[in-house]
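Given next are the chains, with one letter for each unit.
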Amino acid sequence: MSTRLDSKYFTLDENILTLEEYLRAKQWIDTEEKILQIERAGEGNMNCTFRVYTDAASFILKQSRPWVEKYPSIMAPFDRIYSEHLYYTICSSQPLLQRMMPKCLRFDKNNRILMLSDLGREGDCLSLYQGEELSYSNTNKLLLYLHTLHRIKLDNDNKKALLNQEMKDLNHFHIFDFPLQNENGLNLDTFTPGLEDVAQSLKNDLSYVARVKECGKIYLENGDHLLHGDFYPGSWIKKEKDLYVIDPEFCFLGAREFDLGVFHAHLCISRAHISKEVCFDAYEGFQDLDMRLVYCFSGIEVMRRLIGVAQLPLDYSLEQKSRLLEGAKKLVLDA
Ligand SMILES: Nc1ncnc2c1ncn2[C@@H]1O[C@H](COP(=O)(O)OP(=O)(O)OP(=O)(O)O)[C@@H](O)[C@H]1O
Ligand SMILES: [Mg+2]
């Protein structure tokens, strides 16, 4: 399958001359400005994301296409970058959020290309799964980020524009549905021999499957709060001891418990055991949230990251994964 868009769109690629022409025509670079280098910005799967160096600056260009960049035979919502752009625009009016995100510099709606400030090459926080610590101060900053995000008041136009229904449906499928489908075609033994049997025993537990389905329905409900929607270490970028948040393409209006649950899940996975001890204090008023729902979403996120499609870079043994899955099931059933 071709990975080029049809001729009415500009296809972002590593060709310096055509990119220079495109950026000049858009007046995103000066007439005399020259591109020196174009490189993949990082390890993304969904979109085409480049870092561009010119003789004056560097910046990030991200283009959404009607397919998943890494697997072009899998379709994906073409307009997903609209929600990402709107999220950046809305958050830029909140100083605390803007300080923790790249700046949204330009947007080409027709070609689905977003220009972001470059946070440098340190990359994301996936190294947390290899034993790197998330400091107390950065944990609190991330919670403060969520707290500030969840308090944003939106007008009706933005509420409508942020439904992000297609991405929400896609995420719903991969979190709440696909991992527990019998014979979904994913051979988990290729990740960890024996994992298939462990997954099967979860799929056979009807009360567990029913509770996951119920939480899926809650996920699909419309809420009043703007959520990031994919708040995990792959969306946190390191830069000189500070953390920045990127990639809000799964943002939507929903239950705050979802963002907190996903956050909790990844702290559990990175420490390789389930713990309710994550301190939510920095999220002011967290006691008023439905903590049972936070833990349910957390358990489900752990499960889908171990037996679903969106695998993480984990070098855990079968025993470690089984223990995590057992703990995750308890979170869902006992919460
Ligand atoms: N503003 C930025 N500054 C520095 N690096 C960035 C920036 N934006 C993205 N990157 C790098 O590019 C990678 C991919 O970006 P991003 O996560 O936005 O793409 P994606 O295609 O949506 O990824 P995924 O498939 O994980 O959803 C990031 O992990 C990061 O390393
Ligand atoms: Mg993404």
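Reading the values: rules and limits
- Residues numbered from 1 in each chain as written.
- Chains lettered and ligands numbered in written order.
- Predicted model: local features only at pLDDT ≥ 70, side-chain atom pairs only at ≥ 80, totals over all residues.
- Heavy atoms only, no water.
- Helix = DSSP H or I, 4+ residues; strand = E, 2+ residues; numbered from the N terminus.
- Buried < 20%, exposed > 50% of the residue type's maximum accessible area, 1.4 Å probe, protein only.
- Contact = heavy atoms within 4.5 Å.
- Salt bridge = Lys/Arg side-chain N within 4 Å of Asp/Glu carboxyl O.
- Expected span 1.5 Å × (residues − 1).

## Topic: the overall build of the chain
- What the chain contains, in helices and strands, is 11 helices and 11 strands.
- The C-alpha extent of the chain, read off along each of the three principal axes, is 65 × 45 × 40 Å.
- Within the chain, the fraction of its 335 residues that count as buried is 53%.
- Across the chain, contacts joining residues at least 24 apart in sequence account for 68% of those joining residues at least 6 apart.

## Observations concerning the pattern of salt bridges
- Taken as a whole and judged by the stated rule, the model has 18 salt bridges.
- Where glutamate 301 meets arginine 304, a salt bridge forms, and the shortest distance between an N and an O atom there is 3.1 Å. Taken as a pair, glutamate 301 and arginine 304 lie in helix α10 (residues 291-307) at a separation of three residues, close to a single helical turn. Each member of the pair, glutamate 301 as well as arginine 304, is classed as buried.
- The salt bridge partner of glutamate 301 is arginine 305, with a shortest N-O separation of 2.9 Å. Of this pair, glutamate 301 and arginine 305 both sit in helix α10, separated by four residues, roughly a single helical turn. Comparing glutamate 301 with arginine 305 shows no difference in burial state: the two are buried.

## Some points on helix α4 (residues 136-150)
- Between the first and last C-alpha of α4 there are 21 Å, a value that for 15 residues agrees with the 21 Å anticipated at 1.5 Å per step.
- Where burial is concerned, most of α4 is hidden: 11 out of the 15 residues are buried.
- Every buried residue belonging to α4 is among Asn138, Thr139, Asn140, Leu142, Leu143, Tyr145, Leu146, His147, Thr148, Leu149 and His150, and all of these are buried.
- Where α4 is buried, its residues touch α2 (80-91), α3 (95-99), β8 (225-227), β9 (236-239), β10 (242-245) and α9 (256-271).

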